[in-house]
Amino acid sequence: DVEDPPSAVVRFLEQTGLMQEDPDWSADSAESEGYDEAPLVITSRGYEFMLQDVRVQVWQFILQYFQSLENHKRCDEIRSEALLFLICLSFCRVGEAYSAAGLSAIGQTLMKDFSQFGLLYVADAGNDGGKSKVFYPTRVAVNLVAGGLDDDDDNDDGGGASGSEASVAAVRALEASLNAPRPSRSHVAIIVQTNFQLCAYTTSELHVSMLGLFCDITNYRRLPNVIFYRITRESIKSAFKLGIEAGQILRFLRMHAHPRLRTGDQPLVPSNVEDQIWLWDQERHRVKLDEVYNVQCRTGAEFNAVQQYAADIGAYVWGSEAKLRLLVRYSLAERALAFLRRWRSREAARAA
């Protein structure tokens, strides 16, 4: 059975807009689906969050945690101690136990809260009814401040010389997990081929689901520690409909590229695949919708005057001199109509 996430995590997902109540859920569907209240569904912002680096995700949790403290009377003190706690964690070792006895009252609270975000694992230290605690920093906590990937670097195509692409520790951990008899579920290594086939070394169902956001899930091959997908126009278009951008897909593929790809001069994502993804993205902007207002003129002179005025103020969209018809931007239509009324008044005064 899968455990429900802590309530603090659920609140974070709702407050940041990563998840929302299912808009299609109704009381009638409660009995058939077995829900007492509307279930949460992922938003477009949530899909974007899923493709980010783990450290970026955790920092968003921490920043939201800091924002939740704004109304606390000891807000500044708690924030300062939390930052100091995080910095100290970067000097700890993964898997080593640290006593919580030396932590202050605020530190004890932070320890419990950080454990909900996956930064720490808290355990009882003895047979004293749970009074003595120890905590074990996770790899994410140790690398949170100083280590990791540069998530903002979208244009770096890789090579082993770039320290911003991956830390040496992360690469070694990934290689070790892939060489193990039973690979770790915390890593994924992706190879994108020039024929648009994607090979992902992973045993995590979460990673498989994430790849399914932009890969063709109707035709794939699965082995114990590797899965083969294909990147297609339809699969990328489906990702766009979820609110995922082309840059986010490419950044995800670079971020989780196989370590062997970082040892040479070849790009982490083949150039033809990257260019095609950008072209599919540009297809969404072939047609631009603009709200317009129809202006019907009476004479050719009136048409020319209104057309010139609309062009001067940036309202002109289209015109037909044969039909004496103009289309102007709706946001500027009132100014064009006001000019038309003034022009007709002047012409009427001249005729009189």
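For the structure itself, look to the data block above.
Residues numbered from 1 in each chain as written. Predicted model: local features only at pLDDT ≥ 70, side-chain atom pairs only at ≥ 80, totals over all residues. Heavy atoms only, no water.

## Overview of the layout of surface pockets
One number sums up the size of the second largest pocket: a volume of about 220 Å³. Of all the elements in the fold, those that place two or more residues in the lining of the second largest pocket are α1 (7-15), α4 (54-67) and α6 (105-116). Here the lining of the second largest pocket is composed, by residue class, of 5 nonpolar, 4 polar and 2 charged. (1 Å grid on protein atoms, 1.4 Å probe; cavity = no way out; pocket = protein on both sides within 12 Å on 5 of 7 lines; lining within 4 Å. Points joined across faces, edges and corners; volume = space filled by probe spheres on them. Helix = DSSP H or I, 4+ residues; strand = E, 2+ residues; numbered from the N terminus. Nonpolar A, V, L, I, M, F, W, Y, C, P; charged D, E, K, R; others polar.)

## Here we look at the pairing of strand β5 (residues 133-137)
The pairing of strand β3 (residues 98-99) with β5 spans 2 bridges and is classified as antiparallel. Residue pairing in the sheet places S99 in a bridge with V134 of β5. (Pairing = 2+ DSSP bridges.)

## Here's the deal with the side chain of R254
Topologically, R254 is positioned in helix α11 (residues 246-255). Exposure remark for R254: the relative accessible area of 4% places this residue in the buried category. For R254, the side chain forms a polar contact with the side chain of E274, separated by 2.9 Å. (Buried < 20%, exposed > 50% of the residue type's maximum accessible area, 1.4 Å probe, protein only. Polar contact = N/O pair within 3.5 Å; in protein donor to acceptor, adjacent residues only side chain to side chain.)

## Some remarks on the sheet that holds strand β8 (residues 221-223)
Taken in spatial order, the 4 strands line up as β6-β7-β9-β8 in an open sheet, and their pairing is antiparallel. The sheet is open, and its two edges are formed by β6 (189-192) and β8, each paired on a single side. Here the strands of the sheet are splayed against their neighbours by 15 degrees on average, with no regard to which way each runs. (Axes fitted to C-alpha atoms, helices over the stretch in contact; angles between N-to-C directions.)

## What about unusual backbone geometry?
Even without glycine at this site, F196 takes up a positive phi of about 70 degrees. The class for F196 is buried, based on a relative accessible area of 17%. Positive phi values are uncommon outside glycine, yet L324 reaches one of about 55 degrees. By the element assignment, L324 lies in the loop between β11 (316-320) and β12 (325-329). Residue classification places L324 among the buried residues on the basis of a relative accessible area of 17%.

## With respect to α6
For α6, built from 12 residues, the straight-helix expectation of 16 Å at 1.5 Å per residue is met to within 8% by its first-to-last C-alpha distance of 18 Å. Next to the buried residues of α6 lie α4, α5 (75-89), β4 (120-124) and β5. Downstream of α6 by a residue or two, G118 has a phi angle that is positive, lying close to 85 degrees. (Expected span 1.5 Å × (residues − 1). Contact = heavy atoms within 4.5 Å.)

## Things to note about the sheet that holds β3
Sheets are built from strands paired through backbone hydrogen bonds, the pairs being either parallel or antiparallel. The strand order β3-β5-β4 describes an open sheet built from 3 strands, whose pairing is antiparallel. Across the chains shown, the open sheet's two edge strands, defined by having one partner strand only, are β3 and β4. The pairing of β4 with β5 spans 5 bridges and is classified as antiparallel. From the neighbouring strand, Y121 faces β5, where its bridge partner is Y136.

## Structural notes on helix α12 (residues 271-282)
In a regular helix each residue adds 1.5 Å, so 12 residues correspond to 16 Å; α12 covers 17 Å between its end C-alpha atoms and thus fits that length. Residues of α12 that are buried: V273, E274, I277, W280 and D281. Angularly, the buried residues of α12 cover 125 degrees about the axis, an arc narrow enough to put them on a single face. In this structure, the buried residues of α12 make contact with β6, α10 (233-241) and α11. (Arc of directions from axis to C-beta.)

## What to know about the side chain of S235
In this structure, S235 sits in helix α10. Note on S235: relative accessible area 6%, which makes it buried. Excluding anything up to four places from it in sequence, S235 contacts L213, F214, C215, D216 and R230.

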